[in-house]
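# Coordinate inspection notes
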Amino acid sequence: MSALVELNSVTKIYGNKKAVDNVNLQVQEGEILALLGPNGSGKTTLLKILALLEAPTEGTIKFQGELVTEKNAEKMRTQSTLVFQRTLLFDTTVYNNVAYGLKIRKMPRNMIDAEVKKALQLVKLDGFEKRHAKKLSGGEQQRVAIARALVLKTKLLLLDEPTANLDPKNASIIEDAISTLNREYKTTIVMATHNMFQAKSLPQRVALMNEGQITETGAPAEIFGKLSKNLVRFAVLDNTFAGTAEATSAGTIIVDIGNGVQVEVTEQRQGKVSIFVNPQDIILSKHAVESSARNVLKGRVTEIKDLGSIVKLKVDVGKPFTVQVTKRSFNEMELNLGSEVYIAFKASSVQVL
Amino acid sequence: MVDILGGIAKALQLIVTGDPMLYGIVYRSILFSGAAIVLAALWGTPIAMLLSLKNFRGKTIIKGFFNSLIGIPTVVLGLVLFLIFSNGGPLGFLGLLYTPAAIILGEAILVTPVLISIMVNAIEAVDPDIFTLAKTLGASESQALLAVLKEALNGVLLSNLASFNRAIAELGVALLVGGNIAGLTDVLTTAISRYTARGELDFAIALGIILMVLVFLINMAVILARKAKWVITIWRTPQ
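The paragraphs below set out a description of the structure included in this document. (Residues numbered from 1 in each chain as written. Chains lettered and ligands numbered in written order. Predicted model: local features only at pLDDT ≥ 70, side-chain atom pairs only at ≥ 80, totals over all residues. Heavy atoms only, no water.)

In terms of helices and strands, chain B carries 11 helices and 0 strands. Listing the helices and strands of chain B from first to last along the sequence gives α-α-α-α-α-α-α-α-α-α-α. Along the three orthogonal principal directions, the C-alpha set of chain B runs to about 70 × 55 × 25 Å. Of all intrachain contacts in chain B linking residues separated by at least 6 positions in sequence, the fraction that spans at least 24 positions is 73%. Within the structure as shown, chain B displays about 11800 Å² of accessible surface, and the carbon and sulfur contribution to it stands at 73%. (Helix = DSSP H or I, 4+ residues; strand = E, 2+ residues; numbered from the N terminus. Contact = heavy atoms within 4.5 Å. Areas by Shrake-Rupley, 256 points an atom, 1.4 Å probe, with all protein chains shown as cover.)

Right, here's the structure in full:
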C-alpha cells in the first residue's frame, strides 16, 4: 500500500483558534480510516483540508506524491469529494443533484443517466430520479447526498459524520453503500465520526482526535481493545464513561462511573475501564418497567433534539445518557424538559472499550 | 361622458385593427425596456453577487445606498441625465440626447437599484455552503458561483421582471432624455401624456389599456416566476 494523501505538520488557524494542530497523517490507498473524536476536536477542519477546500495555515499536503499548491489545488480537488455532516442539496430533482459532478466533468448524457441510476441503486433510492430532492425525508436526503458523492468514483471519499442524526435503517443503508464502494472500487475513505459503534465496525484504521491533534492511530481492535488513555478523555462522547469495575457473584461486573451511577456489564474485567452504551440500545419509559434489562436508571430529561424522524434526548441519571427514540414514541410519551423518566438497557448492551 | 365612451370605443377599434402607429409605440416601449434590463443585468448581476457573497468594509452602506435609490423619482433622474447628455454636459459630445440609446441607458440606470436589491436578497437566502458543495463536487470558482445563482433563480427572475415593470411604466426618464419624438423615441407613457395634452383621447386610452394589460401580464409572470424554476427543472430532466 502506498500513501494516497500525506499531511505533513499541518496546522490550521481560524482567527486565534488552532482548529488543527501540527497533524501528520498518511492515508493509505484503499483503506477506510475513521477520525474519532468529540465535537470541536478538529475532525471537520481536517476533512476540509483533505478535500483541498481549505488551505492549511502551515504545513504541506501531498496527493499521490504530488505537492498540492495554490495553482494545482482546483484540478487536484476533482480527485476527492466531501459529504457534509449537515445534509446539503441543490434545490432541484434527485437526478440533477446526483448528476451535478458528472456534468461538471463533461460526461456524455447517456453515461450520466446510467451512472446516476447505479448510484441511486447503491443507496436504495431506485427510481427517485424525478423526485424533488428537498421534499424527501431526512434520511433519504442524506442518501441522495451520499449518492451524489459516490457517483463520482473519486480516489478519495471524505465523509463528515455520514450517519449522525439518522435512524438505524437509513444509517445501515449508508454504511452498506460505503463498504461496497470501498470493496468494489477500492475507494479510499476517510470518515469523521463520534459514533464509537461505527468506528469499531467499518474502518480498518482509527485515528483519535482531540483538540486539533491526532493523539493515536491504530487498528480498531488495538484502539478499543486496550484501555487507551486518550479514549478516557473521550468521556465527553455520547454514552462513553470511565469507571472502576468490580466482579459480582452473578458472573457479571459492576462498573461505578461516578455520581452514584453503577452499570452492570456482562464482561470480565477489573479495575479501570471505559464503557460505551449505544443510544439505540436504551429503552426509555415514564415508569419503572419490569424487564430483563439489568440496568434501570431514573433521571430527568435535560435536552431534546428533534432530528426529523427520530428525537435525541439527554437524560441525566447522575451522569448524562443520550437516548434515541422515534418521533412517534416521543410524541406519545408527552415528554418535556425536566420530565422524570427511566432508562433501561441490558448488561450485554454495554461495551467495554 | 359621451366623449369618454366614444374614446374607449375608438381605442378598442385601434387595438383590434392593429393600428401601425399605436403598435409602433408598443414595440418601442418593449424594446427599450427590454434592452435596459439586459444592460442593467449585465452590470447589476456581478455587483449583486459581490454584495451578497463577499465580505468587505462598507458593504452595508453600499447595500443601503442601492436600497434607497429604488424610490428615486424618475423625473429627477431624467433631469440629471438630461444635464449630463445635453450639449453643455459632460457627455454632450456623444450626441445621445433624444435618441433611443439615451432612453435605454437612462432606464437601465433607473432599474439597477431594484435589480441589485432583489437579487442580493435572493442570493443571500441561498445556503452559503452551496458554494463549497459545488467546489467539492468538482466545480471551478465560476461554476460554483453559477450554482449559487441557480439556487437563487426565482429571485433572479423576479429581479428582472420587477425591473422591466419599473422601466416600462416610468415616464420621467423617457420624456426628458428621449424627447418624446413621435415615431422615434416616444414610448407608451410619454405618448399617453402627449395625446392627452392634445385632446386625442382615443389614442391615449388605447395606449393606457395596453400599458395596463402589459403591467398586469408582467405581474402575473412574477407570480409564476416563483414556480418557474421547478417547471424548468422538470422539463430538463430526462424521461
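Counted under the stated rule, the structure contains 5 aromatic pairs over all chains. Each residue in the set Phe241, Phe321 and Phe345 of chain A is aromatic and connected to the rest through ring pairs, giving one cluster. Above the ring of Phe128 of chain A, the side-chain terminus of Arg131 of chain A is found at 4.6 Å from the ring centroid. The lysine or arginine in question, Arg194 of chain B, covers the ring of Tyr195 of chain B, its NZ or CZ lying 4.9 Å from the ring centre. (Phe/Tyr/Trp six-rings, centres within 6.5 Å; stacked < 30°, edge-to-face > 60°. Lys NZ or Arg CZ within 6 Å of the ring centre and 35° of its normal.)

Residues and elements named next belong to chain A. Across the sheet, 4 strands lie side by side as β2-β1-β4-β5; this open sheet has antiparallel pairing. Only two strands of the sheet have a single partner each, and these edge strands are β2 (17-28) and β5 (66-67). The pairing of strand β1 (residues 3-14) with β2 spans 8 bridges and is antiparallel. Paired with Ala3 across the strands is Gln28, a residue of β2. Relative to the sheet, helix α1 (residues 43-50) contacts β1, β2 and β4 (58-63), its axis offset from that of β1 by approximately 125 degrees. (Pairing = 2+ DSSP bridges. Axes fitted to C-alpha atoms, helices over the stretch in contact; angles between N-to-C directions.)

Residues and elements named next belong to chain A. Ranked by internal contacts, the top residues of the largest apolar core, which has 95 residues, are Leu7, Val98 and Val190. In terms of residue count, helix α3 (residues 94-104) provides more of this core than any other element does, 7 residues in total. When near neighbours in sequence (up to four residues on either side) are disregarded, Val98 contacts Val116, Ala119, Leu120, Val144, Ala147, Arg148 and Val151. (Core = buried A, V, L, I, M, F, W, Y, C linked by side-chain atoms within 4.5 Å. Buried < 20%, exposed > 50% of the residue type's maximum accessible area, 1.4 Å probe, protein only.)

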